[in-house]
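This is what each chain is made of:
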Amino acid sequence: MRVFVTGATGFVGSAVVQELLRAGHQVLGLARSDASAQALTDVGADVHRGSIEDLHSLTSGAAQADGVIHTAFIHDFSTFLENCEKDRLAIGALGAALKGTKKPLIVTSGTALVNTGRLATENDLPDPQGQNPRVASDLAVAKLAEEGVRVSLVRLPPSVHGAGDHGFVPLIIATAREKGESAYPGDGKNLWPGVNRFDAARLFVLALEKGAQNAIYHANSEEGVPFRDIATLIGKHLNLPVVSKDGQDLAAHFGWFTHFASLNNPTSSQFTRDILGWKPVHPDLLTDLDTAGYFE
């Protein structure tokens, strides 16, 4: 297949591109800069110039492909609401180009949207009236499915980890360095599911090849790692005290990240494994935290 990939040079998207090429597919990667274009050329992908804010570039890229994997998202939490709206529009533009073609569209979401406190499954749906504006992406996918687009969701866990990670775990490490202590909320038993980025990439490719319509897949290799274990390992590497915090003290330590640090998001991926034959083989979160260069 010729596959159009958004976010093709990002942490997850670049792994998806590698996995697609390894599986024998052709890749058309979205690039908004010369550096991104060169990175795609270097790995053997074709380049499509544009951005997720340029809807015409999305529709024209999708129209040239046999399928689309949408991993791009603007990870600036100071404009999170605006970025969620941009993602909704981007999903709509990609879907419009594929309507009536039966070509698959795979869209990225998050397990945190089904943060039920119990073991979440692929059958759980986010509350459309919930407080997390990221639900707009899921609603956009549901709308496309109703219109007959062959669209599916891959939900990523809070930690997609591995060498080169610049997501939540590096932020927790940076906060510990800044504050002089490694903190966890309450008893620290709140659970974070995780996945190595190359295991996640394999799942995106399997979802594309399966071509299911209106399917939901969970890309987590672990159902949940206690946040206290993450904080403890960070404290060990940084030689800092590991402390519990609640209320205002927790908010003072983590700031805007307090909500994410407090997530209790145990998540199952059993259905995904059964239906796609997905078998994660890369290191788990704590192993990657210990060995993948997070403290260099």
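For the structure, check the block above.
The text that follows walks through the structure, step by step, so that each part is easy to find. On a predicted model such as this, the values are computed, not experimentally measured, just so you know.

What counts as what
- Residues numbered from 1 in each chain as written.
- Predicted model: local features only at pLDDT ≥ 70, side-chain atom pairs only at ≥ 80, totals over all residues.
- Heavy atoms only, no water.
- Helix = DSSP H or I, 4+ residues; strand = E, 2+ residues; numbered from the N terminus.
- Expected span 1.5 Å × (residues − 1).
- Contact = heavy atoms within 4.5 Å.
- Buried < 20%, exposed > 50% of the residue type's maximum accessible area, 1.4 Å probe, protein only.
- Polar contact = N/O pair within 3.5 Å; in protein donor to acceptor, adjacent residues only side chain to side chain.
- Pairing = 2+ DSSP bridges.
- Axes fitted to C-alpha atoms, helices over the stretch in contact; angles between N-to-C directions.
- Parallel < 35°, antiparallel > 145°, perpendicular 65-115°, else oblique.
- Left-handed = near helix turned anticlockwise from the far one by under 90°.
- Nonpolar A, V, L, I, M, F, W, Y, C, P; charged D, E, K, R; others polar.

What follows covers helix H6 (residues 168-179). Spanning 12 residues, H6 covers 16 Å between terminal C-alpha atoms, matching the ideal 16 Å at 1.5 Å per step. Looking at the residues trailing H6, positive phi occurs at Gly 180, about 80 degrees.

Relative to the elements of secondary structure, Gly 50 occurs in the loop between strand S3 (46-49) and helix H3 (55-63). Between the alpha carbons of Gly 50 and Ser 262 there is a distance of 36 Å; along the sequence they are 212 residues apart. Setting aside residues up to four positions removed in sequence, Gly 50 forms contacts with Leu 30, Ala 31, Arg 32 and Ser 57.

Here the focus is the environment of Thr 71. For Thr 71, the location among the structural elements is in the loop between strand S4 (67-70) and helix H4 (80-98). Overall, the relative accessible area of 14% leaves Thr 71 in the buried class. Sequence separation between Thr 71 and Val 16 is 55 residues; the distance between their C-alpha atoms is 8.8 Å. Excluding anything up to four places from it in sequence, Thr 71 contacts Thr 6, Gly 7, Gly 13, Val 16, Thr 108 and Phe 204. A polar contact is formed between the side chain of Thr 71 and the backbone oxygen of Thr 6, at a distance of 2.6 Å.

Strand order in the open sheet formed by 3 strands is S7-S9-S11, with mixed pairing between adjacent strands. Two strands lie at the open edges of the sheet, namely strand S7 (159-161) and strand S11 (222-226), each paired on one side alone. Between one strand and the next, the sheet's axes are offset by a mean angle of 45 degrees, whatever the strand orientation. Sheet topology note: the S7/strand S9 (residues 191-196) ladder contains 3 bridges and is parallel. In the sheet register, His 161 faces S9, and the bridge partner there is Asn 196.

Two quantities define a packed helix pair, namely the angle between the axes and the distance from one axis to the other. One can describe the packing of H6 onto helix H8 (residues 227-238) by two numbers: an axis separation of 10 Å at closest approach and a directional angle of 55 degrees. The angle between H6 and H8 falls in the class oblique. In this structure, H6 meets H8 at a crossing whose hand is right-handed. Facing Ile 172, Ile 173, Ala 176 and Arg 177 of H6, the residues of H8 in contact are Phe 227, Ile 234 and Leu 238. Counted by class, the contact of H6 with H8 contains 6 nonpolar, no polar and 1 charged residues.

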